Every structure is written in C-alpha cells, then in structure tokens.
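Remarks on the overall topology
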Amino acid sequence: MRVEIYKDYQEISDFASSAIIDQVRQKPDSVICVASGDTPKLAYQKTVEKAKTQQISFSEVHFIGFDEWAGISPENHGSCSLFLREIIFSPLGISEDHIHLFDAMASDLDKECKIMDDFIYKIGKIDLMVVGIGMNGHVGFNEPGTSPTSKSHVVELEETTKSVGQKYFKESQVLTKGITLGLQHLLDAKQVILMANGIHKADIIRKTFQNEISVEVPASIIRNHKDSLVLLDEAASSLTPKDLNL
Ligand code: PGA
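Below or above, wherever it landed, is the structure these notes cover. (Residues numbered from 1 in each chain as written. Predicted model: local features only at pLDDT ≥ 70, side-chain atom pairs only at ≥ 80, totals over all residues. Heavy atoms only, no water.)

Let's talk about the site of the ligand
Taken together, Gly 37, Asp 38, Thr 39, Ile 133, Gly 134, His 138, Lys 167, Tyr 168 and Lys 201 form the complete shell of residues around the ligand. In this structure, an oxygen atom belonging to the ligand sits 2.5 Å away from a side-chain N or O atom of Thr 39. Between the ligand and Lys 167, the relevant distance is 2.8 Å, taken from an oxygen atom to a side-chain nitrogen or oxygen of the residue. In isolation the ligand offers 280 Å² of accessible surface; the protein chains occlude 87% of this area. For the shell around the ligand, the class distribution of residues is two nonpolar, four polar and three charged. (Near = heavy atom within 4 Å. Polar contact = N/O pair within 3.5 Å; in protein donor to acceptor, adjacent residues only side chain to side chain. Areas by Shrake-Rupley, 256 points an atom, 1.4 Å probe, with all protein chains shown as cover. Nonpolar A, V, L, I, M, F, W, Y, C, P; charged D, E, K, R; others polar.)

Section: the sheet that holds strand S8 (residues 177-180)
The strand order S4-S8-S7 describes an open sheet built from three strands, whose pairing is antiparallel. Two strands lie at the open edges of the sheet, namely strand S4 (67-69) and strand S7 (153-156), each paired on one side alone. Taking each pair of neighbouring strands and ignoring which way they run, the sheet shows an average axis angle of 25°. Alignment of S7 against S8, held across four bridges, turns out to be antiparallel. Bridge pairing in S8 places Val 154 opposite Ile 179. Together, S7 and S8 form the strand contacts of helix H4 (residues 109-123), whose direction differs from that of S7 by roughly 135°. (Pairing = 2+ DSSP bridges. Helix = DSSP H or I, 4+ residues; strand = E, 2+ residues; numbered from the N terminus. Axes fitted to C-alpha atoms, helices over the stretch in contact; angles between N-to-C directions. Contact = heavy atoms within 4.5 Å.)

Here's the deal with the packing of aromatic side chains
This model, assessed by the stated rule, comprises six aromatic pairs. On the numbers, 5.2 Å between centres and 40° between planes, the contact of Tyr 6 with Phe 15 is tilted. Ring centres 5.9 Å apart and planes at 65° place the aromatic pair Trp 69 and Phe 169 in the edge-to-face group. Of the two residues, Trp 69 is situated in strand S4 and Phe 169 in the loop between helix H5 (159-165) and S8; the sequence distance between them amounts to 100 residues. For the pair formed by Trp 69 and Phe 169, the shared burial category is buried. Put simply, the rings of Trp 69, Phe 141, Tyr 168 and Phe 169 pair up and form one aromatic cluster. (Phe/Tyr/Trp six-rings, centres within 6.5 Å; stacked < 30°, edge-to-face > 60°. Buried < 20%, exposed > 50% of the residue type's maximum accessible area, 1.4 Å probe, protein only.)

Section: the nonpolar core
Judged by nonpolar contacts, the single largest core of 38 residues is most densely connected at Ile 64, Ile 126, Met 129, Val 131, Leu 181 and Leu 194. Breaking this core down by element, the ones donating at least two residues are strand S2 (31-34), H4, strand S6 (128-131), helix H6 (183-188), strand S9 (191-196), helix H7 (202-210) and strand S10 (228-233). It is H4 that contributes the most residues to this core, five residues altogether. When neighbours within four sequence positions are excluded, Val 131 is seen to be in contact with Ala 35, Phe 66, Val 139, Leu 186, Val 192, Ile 193, Leu 194 and Met 195. Counting residues in hydrophobic clusters, the runner-up holds 31 residues, among them Ile 12, Ile 32, Phe 63 and Val 130. (Core = buried A, V, L, I, M, F, W, Y, C linked by side-chain atoms within 4.5 Å.)

As for the side chain of Ser 17
Within the element layout of this structure, Ser 17 appears in helix H1 (residues 9-26). At 2.8 Å, the side chain of Ser 17 forms a polar contact with the backbone oxygen of Asp 14. At 2.9 Å, the side chain of Ser 17 forms a polar contact with the side chain of Lys 50. If we skip the residues at most four places from it in the chain, Ser 17 touches Ala 43, Lys 46, Thr 47 and Lys 50.

What about the pairing of S10?
Burial analysis of S10 places six of its six residues in the buried class, the great majority of the element. What you see with S10 is no split at all: Ser 228, Val 230 and Leu 232 on one side and Leu 229, Leu 231 and Asp 233 on the other are buried throughout. Pairing of strand S1 (residues 2-6) with S10 involves five bridges; the strand directions are parallel. Opposite Glu 4, over in S10, you have Leu 231 as the bridge partner. Pairing of S9 with S10, which is carried by five bridges, proceeds in the parallel orientation.

Rendered as structure tokens:
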C-alpha cells in the first residue's frame, strides 16, 4: 500500500485521473471497476478531459460498476448506474457491451451476483478499481462485518449508509439493500485506488489506518493489498497520526 497526501480535492482527482489514463495507455483493453459517489466524480470528469486532449481511446476498456442500490431504477438520478453513465461512460463513448452493471431491479438479485462473478471469473482479473470510503468505513456496499473473502452479494444497508445515501437523490428514497462486488474482488484486483477528501472523512480515515485491520472497518483491508494507492487530501488525513508514516 502506498499513501499519497495532496492539498485538496482537485489535486487527488488530478492524480487519480492520470492513473486511470496511464492504465489505459499501457493496456487499452483494461478492465476497470468504478465506484460512484461524490469522491471519484471529479477524477472521472478529469479522465474524460484527459482522454480527449491526449487522444487516449477507451473503446476497448471494459467497465464494471462496483455497486448499486437494490430496487432503484437505473433511470433514477441517484442510481449508481445513471451517475456512471452520465459522468464517465457516455462522455467516453463506451459501448453497451463494454459496460457491466448490476441490474438492481431484477427479481433475482442473487442471480445478478452470479452473472457478475462469472463475468469477472471469465475475464480473469480486474486491472484497476477506483473506490471511495463511506462514513462507516464501507467500500462499495461492503458494510462493516463483511467477510474479506466475499464476492458479489446482496446486503442489508446500515443506517448510516441509508441516511448518507439520501444526498444522491432529488427526493427522499426508501433505501434498504444494496448489491455489490465483494472484498475478495478488491483484494484480487491488480491495482486499487482508494480516494478520500474532506474533513468529514478524517475520523473514518484515522480508524482505517490507525487501528488494526478489521472487518469492522472494511476499507482497512486495503492495507493487505500490495498494489493499492490511497489518495487523501490534507483535510481527510488531518486526524491520522503522522507517525503512521502516511
Ligand atoms: P461519497 O461516498 O464518495 O459520496 O462520499 C463514498 C461511499 O459511500 O463509498
């Protein structure tokens, strides 16, 4: 694991977007798993800009969506699917057969998990995952208590996730479950970038890095990944003791 601390959100987004561009430059048919959320949004926008100015084609890239709110339509503005389509897939002109998202409206969500796991098994490895961290330490919808060997699964969301999640929606939503890739996928990915910015993330970042690696803070598992990069802004790293050599 490597940790880089930059001044602010602009800077971590700039760094993350360059890493995405480099990945695709080196391997045009990369498989990239992307989380949605406020954290990676600017990195994706910068990726789109850089792809255009540096003429990097994403036509061979396969994108996987990390997670989705169960029962929320992909047309709903707050869905992870629509976020990813609007912010990154459509601007990059990704074709439908290169977009791999959970169908969170499916009647059989376990089957959706199997479809995703079979696809990941078939392609071999995810080259790059770009993830944020929730206020309770989740990554994707891997909530506290999730097994490090989990693959795709359906999850009962914690209260924190349900209440914080309202920020993505125009109108208040009943959020109960999520569907998500598992922590094993994160550990198996060739490279993982975890981003966090803002003072509101400072306490969970402290818990992620100061305490023992624990299922109670799922993001802490990233410390077991040999090729993980943690991008923090100064505010998010401000409560983490400096002697941890972050
Ligand atoms: P955020 O969400 O990027 O909107 O803060 C992160 C998460 O819950 O994983």
